[in-house]
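# Notes for the structure review
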Amino acid sequence: MGWKIAICDDDAGQAAQLQADVTDWAHGACAVTCFPSAEAFRFAGDTDWDILLLDVEMPGMSGIDLAKRLRGAGCRAEIIFITSHFECMAEGYEVDALHYLVKPVPAEKLRTVLDRAAARLAVEPPSVVIACEEGNVKLYESELVLLVLPDLLHRPGRMTDHVEPVRNDNGIGKADFSDHAKMRITLTFLRYFSAQSA
């Protein structure tokens with residue numbers, strides 16, 4: 001197993017109980033670290049987490065805001081929110097949260113959600129390997145957000161079938177994508193371009 005798990009909760013008693021329950025679930029095979037606040041978590045500087053249990057309501061930065069920052073930085077960890085009520089549930093969908101757990105968190109319910117997180121982590125997400133001067137680089141589909149490729153825009157072929165232009169306030173659509181260098185590149189396009197360049 002060997003997952004890296006972080007618990008971020010300003011309630012020391014709750015954090016200690018979660019840590020004990022998570023460690024029990026993992027049979028001691030996971031590294032479980034507790035942080036008393038979102039700021040303490042960010043100060044630690046470690047971004048290589050597999051599962052995050054975030055208290056929604058904390059002094060300073062909330063668990064929701066922390067999750068948004070982490071997703072913005074490319075963090076792909078499974079996020080589980082811990083909360084006393086569900087007013088912020090809609091925001092959890094914005095960061096692809098796995099689940100919300102209500103305090104006090106029943107150990108059995110926590111185990112069920114952690115099982116789901118482990119199952120999702122065990123599945124390799126869609127990716128593509130690109131040969132670069134420095135060597136091969138694996139990029140996950142979720143990491144392929146925005147590329148600037150002005151030299152590709154005017155090449156012949158049906159590349160427009162494989163790109164989604166980034167829409168802005170002016171409502172730029174697919175028909176006039178060639179006037180704009182910024183495009184969302186899909187795996188289909190990358191595989192197509194790789195084949196054409198071979």
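Residues numbered from 1 in each chain as written. Predicted model: local features only at pLDDT ≥ 70, side-chain atom pairs only at ≥ 80, totals over all residues. Heavy atoms only, no water.

## Observations regarding the overall build of the protein chain
Helix and strand content of the protein chain: 6 helices and 10 strands. Considering the protein chain as a whole, with its 198 residues, one finds that 37% of them fall into the buried category. Counting only contacts in the protein chain whose residues sit at least 6 apart along the sequence, the fraction spanning at least 24 positions is 58%. A total accessible area of about 11300 Å² is found for the protein chain, and carbon and sulfur atoms account for 53% of it. (Helix = DSSP H or I, 4+ residues; strand = E, 2+ residues; numbered from the N terminus. Buried < 20%, exposed > 50% of the residue type's maximum accessible area, 1.4 Å probe, protein only. Contact = heavy atoms within 4.5 Å. Areas by Shrake-Rupley, 256 points an atom, 1.4 Å probe, with all protein chains shown as cover.)

## Focus on the sheet that holds strand E4 (residues 78–83)
Pairing in this open sheet of 5 strands is parallel, and the strands run E2-E1-E3-E4-E5 from one edge to the other. Edge positions in the sheet fall to strand E2 (31–35) and strand E5 (99–102), since each of these pairs with one other strand and no more. Each adjacent strand pair in this sheet contributes to an overall mean axis angle of 20°, direction not counted. Two strands pair when backbone bridges link them, and strand E3 (residues 51–55) and E4 are joined in this way by 5 bridges, in the parallel orientation. Bridged to Leu52 within E4 is Ile79. Strand contacts of helix H5 (residues 107–122): E3, E4 and E5, with the helix running at about 165° to E5, the strand carrying the most contacts. (Pairing = 2+ DSSP bridges. Axes fitted to C-alpha atoms, helices over the stretch in contact; angles between N-to-C directions.)

## Describing the packing of aromatic side chains
For any two aromatic rings, the description comes down to two numbers: the centre-to-centre distance and the angle of the planes. In this structure the tally under the stated criterion is 4 aromatic pairs. Ring centres of Phe35 and Trp49 lie 5.9 Å apart, and the angle between their planes is 90°; on these two criteria the pair is classed as edge-to-face. Here the residue Phe35 occupies a position in strand E2, and Trp49 occupies one in the loop between helix H2 (38–44) and E3, the gap between them amounting to 14 residues. Neither Phe35 nor Trp49 differs from the other in exposure class; each is buried. When the centroid spacing of 5.2 Å and the interplanar angle of 35° are considered together, the rings of Phe81 and Tyr100 count as tilted. With Phe81 in strand E4 and Tyr100 in strand E5, the pair connects residues that are 19 residues apart, well separated along the chain. The same class applies to Phe81 and to Tyr100, which are both buried. An aromatic cluster of three or more residues is present, and its members are Phe35, Phe41 and Trp49. (Phe/Tyr/Trp six-rings, centres within 6.5 Å; stacked < 30°, edge-to-face > 60°.)

## Brief notes about the environment of Ala73
Tracing the backbone through its elements, the reader meets Ala73 in the loop between helix H3 (63–72) and E4. Judged by relative accessible area, Ala73 falls into the exposed class, the value being 66%. For the pair Ala73 and Thr47, spaced 26 residues apart in sequence, the C-alpha separation works out to 9.0 Å.

## Quick word on unusual backbone geometry
Of all residues except glycine, most have a negative phi; of all peptide bonds, most are trans. Cis geometry marks the peptide bond from Lys103 to Pro104, where omega comes out at -15°. Here Pro104 shows up in the loop between E5 and H5. Not every positive phi belongs to a glycine, and His27 is a case in point at roughly 55°. In this structure, His27 sits in the loop between helix H1 (12–25) and E2. On the accessibility criterion, His27 (67% relative accessible area) is exposed. Positive phi values are uncommon outside glycine, yet Asp96 reaches one of about 55°. Mapped onto the fold, Asp96 is located in the loop between helix H4 (89–94) and E5. For Asp96, a relative accessible area of 43% translates into the label partly exposed.

Nothing here speaks to function; it is all geometry.
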